[in-house]
Amino acid sequence: MKKRLQFITLITFASILSANAQVSVPKYTYKKSIKDVQVSTTPTEVRKYELSANSIDFGVIEKNTTQTKSVLVTNTGNVVLATTDFMSQNNTFSPSTNCNTLAPNNNCAINVTFSPVSSGSYTGAITFKVGNSNESVSVQGSAGEAILSSDTNSYSISALAGESSSVLVNLSNTGQFPSKNNYLTVQGPVSNTGNNCGSASNKLPTVAPNASCSAVLNFNPTQAGLNTASFTWQSDNADGITRPIQLTATSGTLTITPQSGSSGSVADTELGFNSVKLYTVKNEGTGPVKNFKLAFNPGAGFSLDSGTTCPITETTLQPNAECNIALKFTPSSVGSTQTNLTLQGLGSNLPLSQTVSGLGQKAVLANTALTFASTNVGSYSDATTTISNTGNLTSA
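Predicted model only: the values in this text are computed from it and were never measured. (Residues numbered from 1 in each chain as written. Predicted model: local features only at pLDDT ≥ 70, side-chain atom pairs only at ≥ 80, totals over all residues. Heavy atoms only, no water.)

Caption draft 1: Local environment of the overall build of the chain. Within the chain one finds zero helices and 33 strands. For the chain, contacts bridging at least 24 residues in sequence account for 67% of all contacts bridging at least 6. Looking at the chain as shown, the accessible area adds up to about 23,000 Å², and 48% of this sits on carbon and sulfur atoms. (Helix = DSSP H or I, 4+ residues; strand = E, 2+ residues; numbered from the N terminus. Contact = heavy atoms within 4.5 Å. Areas by Shrake-Rupley, 256 points an atom, 1.4 Å probe, with all protein chains shown as cover.)

Here is the structure:
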């Protein structure tokens, strides 16, 4: 800073006299102007700055995404300030700036990027220097996510072999953010017959927080037994879930057992008489036999006796249930004959047939002719005949 100064020189003249002389001399003043002088001065350095905030709150953002917020540093002094030594106490928060020096009356953004990779709350601090001063900005934020869930952690389907059964699966998003591009796949012997949760070829765009969808999974076994299956529901921005499905295929299995004797024949029976053979039919399987009935065509001397409890019209025979067949044999001719008992229905070993044979018997007596020799009156002679049984039944 330069100032113009003016100097005044006062000159006083006086006469020099001898000693003791008394002379009165008038005084006068001479004023002389000195030329202007330029003077330079150095101003005082002022190092001042202001922060627009000393904390940043990112609120809640979705995990695996980023958000950037800034704090402004304004140079309110009269010298250039350097912004250096940026550090973060938590690597989830990353500081950056595009101005390492800050001129007077200018501002600069200190950017902080929040990059959470898992759900939860995060805190930290960003430290840096402005000039020679240490600064700290506290940071905090939370991360949420879309969370795929199901109404239970495991499922089961039980079906009768040859028929189908299904289970309804309810799926939902219990997280804080929408799940995107959702789809469901199945593994194992089940099919997805009613699905509004998306498929690999037709993804469901979004499922909002607390919203749900459903799928119907179908099981159509061909034989009895245990098996497993599973389904997986997944999306672009949420962890997928896989749930197991326990599969049980039940089936009726019938046995036919004679109550006495061999299963393949009735007792040999004399013509004019009858015999009855009793059979027990039992469902030894794990499931019912639907459409169960006994198929039998009377004939060849065979018929059903009154002790028969197995139905000849369709019904259901539950597991461990029994019924009886009373097969009567009334032969009409000598010799062997046979018939079939057939068990029908929806079961693992059906239809089941049992062949039954019977033997009609009869005693047939025959004798050779008697021939007597000529015999005088009053005398006798002997003759012999042979009696034989030409039938198949012992003559009593």
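What follows picks up the thread again.
Caption draft 2: Fine view of the state of the cysteines. Per the counting criterion, the structure on display carries three disulfides. Residue pairing for Cys-99: its cysteine sulfur links by disulfide to Cys-108, the two sulfurs lying 1.3 Å apart. An S-S torsion of about 100° defines the bridge between Cys-99 and Cys-108 as right-handed. Judged by its relative accessible area of 15%, Cys-99 is buried. Residue class for Cys-108 comes out buried when judged on its relative accessible area of 2%. One disulfide in the model links Cys-197 with Cys-213; its S-S distance is 2.1 Å. What sets the handedness of the Cys-197 and Cys-213 disulfide is the S-S torsion sign, and at about 115° it is right-handed. (Disulfide = S-S within 2.5 Å. Buried < 20%, exposed > 50% of the residue type's maximum accessible area, 1.4 Å probe, protein only.)

Caption draft 3: Seen up close, the pairing of strand E16 (residues 165-173). Here strand E14 (residues 148-150) pairs with E16 via three bridges, running antiparallel. The residue of E16 that forms the bridge with Ser-149 is Ser-172. Two elements, E16 and strand E20 (residues 212-219), share eight bridges in a ladder whose sense is antiparallel. Note on E20: the bridge partner recorded for Leu-168 is Val-216. (Pairing = 2+ DSSP bridges.)

Caption draft 4: Spatial organisation of the sheet that holds strand E15 (residues 155-160). The strand order across the open sheet formed by five strands is E15-E22-E21-E17-E19, and the pairing between neighbours is mixed. Whereas interior strands pair on both sides, the edge strands pair on one side only; in this sheet they are E15 and strand E19 (204-207). With direction set aside, neighbouring strand axes in the sheet form an average angle of 30°. Sheet topology note: the strand E21 (residues 225-234)/strand E22 (residues 241-250) ladder contains nine bridges and is antiparallel. Looking at E22, one finds that Asn-227 is bridged to Leu-247. (Axes fitted to C-alpha atoms, helices over the stretch in contact; angles between N-to-C directions.)

Caption draft 5: View of the pattern of salt bridges. Counted by the stated rule, this structure contains four salt bridges. Note that Glu-45 and Arg-47 form a salt bridge whose closest N and O atoms lie 3.4 Å from each other. The pair formed by Glu-45 and Arg-47 is uniform in burial state, with each residue classed as exposed. In this structure, Asp-239 and Lys-63 form a salt bridge, with 3.8 Å as the shortest nitrogen-oxygen distance. Residue Asp-239 is found in the loop between E21 and E22, and its partner Lys-63 is found in the loop between strand E6 (55-62) and strand E7 (67-75); the two are separated by 176 residues along the sequence. Among the residues examined, Asp-239 registers a relative accessible area of 53% and is labelled exposed. In the salt-bridge network here, residues are joined through shared partners; they are Lys-63, Glu-145 and Asp-239. (Salt bridge = Lys/Arg side-chain N within 4 Å of Asp/Glu carboxyl O.)

Caption draft 6: The arrangement of unusual backbone geometry in detail. With omega at 0°, the peptide bond leading from Leu-350 into Pro-351 counts as cis. Relative to the elements of secondary structure, Pro-351 occurs in the loop between strand E30 (335-346) and strand E31 (352-361). The backbone of Asp-85 shows a phi angle near 55°, a positive value even though the residue is not glycine. The residue Asn-291 is not glycine, and still its phi comes out positive at about 55°. Its location among the elements puts Asn-291 in strand E26 (residues 289-295). Asn-291 sits in the partly exposed class, given a relative accessible area of 34%.

Purely spatial values, then, with no claim about function.
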